[in-house]
Structures are given as C-alpha cells and as structure tokens.
Amino acid sequence: MPSVLVIGDDPQALPGVDAEAIRATLDKELAVLAERGIDAAVSGIVFDETTEPTLVASLSERPLDVVLVGAGIRKVEPLLPLFERIVNLIRRHAPQAAIACNAGLDDSVETAERWL
C-alpha cells in the first residue's frame, strides 16, 4: 500500500485560524486517500524546539512514498528557512520519498497522486 505523509502547520498553534475547519478539510482529504488505497497521515508542526524531533519521528515511523509539504509552510515568506529545513530532513530521513507541494488544503489528494 502506498504511503503519504502530509506536513503542515499545527492549526491549533495558529492564532486567528479556524483549527476545526482546517482539520475537517484534512480529514476529508485523508479519507479520500484511504478510499483509494493510500495510507496517509498528517504531521502538524509547531515552530519551536519540537519541530525537528516531531518531523524526524513522523518521517522515520514507516517507509514513505510521498512527503507532501503544505502551502502554509511554503507560501509564507518568513517560513522559508523552515521549509528548507523540512526538505533537508525529508532527504535525510525519508530519502526514498518523493517531495510534493500542494497549493492548498483541498488539493492534497491530487498532489500526492501525482507522485505515486
């Protein structure tokens, strides 16, 4: 079974964001991936000292075919150093995985399938 890890901001840690709506959209995307026979999980990160250990644990948990880095990390210019760190952690801890980038929350299925 193909496997996908979606890396994104932990919506609970973002001020002024409807965390429940974000989680509901992600859950829908995960359900569609599951219906299509794809094992998918989300690694929500907080930008602090837990970022790297959280990512390393998620990347090392199981073999991954695709690691999808969310737009909330890539499209926010001040987070560019974090995006670079994430890409290098993927290369180090899941070197066999394709790296994918979605445009928003609701196109994660299409983005993952491009690389499977």
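Preceding this section is the structure that the text describes.
Residues numbered from 1 in each chain as written. Predicted model: local features only at pLDDT ≥ 70, side-chain atom pairs only at ≥ 80, totals over all residues. Heavy atoms only, no water.

## With respect to the sheet that holds strand β4 (residues 98–101)
Reasoning step 1: In spatial order, the strands read β2-β1-β3-β4; together these 4 strands make up an open sheet with parallel pairing. If you trace the sheet from one side to the other, it starts and ends with β2 (39–45) and β4, each paired once. On average, each strand axis in the sheet is inclined to that of its neighbour by 20°, with strand direction left out of account.
Reasoning step 2: Where strand β1 (residues 3–9) meets β2, 7 bridges bridge the pair, whose relative direction is parallel. Paired with Gly8 across the bridge in β2 is Gly44. (Pairing = 2+ DSSP bridges. Helix = DSSP H or I, 4+ residues; strand = E, 2+ residues; numbered from the N terminus. Axes fitted to C-alpha atoms, helices over the stretch in contact; angles between N-to-C directions.)

## A look at the pairing of β4
Reasoning step 1: Burial along β4 is one-sided: Ala98 and Ala100 are buried, while Ile99 and Cys101, pointing the other way, are not.
Reasoning step 2: Bridge analysis of strand β3 (residues 66–69) against β4 gives 4 bridges, and the strand direction is parallel. Looking at the pairing, Val67 lines up with Ile99 of β4. (Buried < 20%, exposed > 50% of the residue type's maximum accessible area, 1.4 Å probe, protein only.)

## What to know about helix α2 (residues 51–60)
Reasoning step 1: Of all the positions in α2, only Thr51, Leu55, Ser58 and Leu59 are classed as buried. Taken around the axis of α2, the buried residues stretch over an arc of 95°, which confines them to a single face.
Reasoning step 2: Among the structural elements, β1, β2, β3 and α4 (80–93) are those in contact with the buried residues of α2. (Arc of directions from axis to C-beta. Contact = heavy atoms within 4.5 Å.)

## Observations regarding the packing of α2 against α4
Each packed pair of helices is defined by two parameters, the angle between the axes and the distance between the axes.
Reasoning step 1: One can describe the packing of α2 onto α4 by two numbers: an axis separation of 10 Å at closest approach and a directional angle of 35°. Considering the relative orientation of α2 and α4, their crossing is right-handed. In this structure, α2 contributes Thr51, Glu52, Leu55, Val56, Leu59 and Ser60 to the contact, and α4 contributes Leu82, Arg85, Ile86, Leu89, Ile90 and His93.
Reasoning step 2: Partitioned by chemical class, the residues of the contact of α2 with α4 number 7 nonpolar, 3 polar and 2 charged. (Left-handed = near helix turned anticlockwise from the far one by under 90°. Nonpolar A, V, L, I, M, F, W, Y, C, P; charged D, E, K, R; others polar.)

## A short note on the pattern of salt bridges
Should the charged atoms of two oppositely charged side chains come close, the side chains can pair.
Reasoning step 1: As enumerated under the stated definition, the model contains 4 salt bridges in all.
Reasoning step 2: For Glu113, the salt bridge goes to Arg36, with nearest N and O atoms at 2.7 Å. Taken together, the residues Glu113 in helix α5 (residues 108–114) and Arg36 in the loop between α1 (19–35) and β2 connect sequence positions 77 residues apart.
Reasoning step 3: Glu113 sits in the partly exposed class, given a relative accessible area of 31%.
Reasoning step 4: Arg36 sits in the partly exposed class, given a relative accessible area of 47%.
Reasoning step 5: In this structure, Arg85 engages Glu52 in a salt bridge whose closest nitrogen and oxygen atoms are separated by 3.7 Å. Note that Arg85 is positioned in helix α4 and Glu52 in helix α2, a separation of 33 residues in sequence.
Reasoning step 6: On the accessibility criterion, Arg85 (37% relative accessible area) is partly exposed.
Reasoning step 7: The partly exposed category is assigned to Glu52, whose relative accessible area is 35%. (Salt bridge = Lys/Arg side-chain N within 4 Å of Asp/Glu carboxyl O.)

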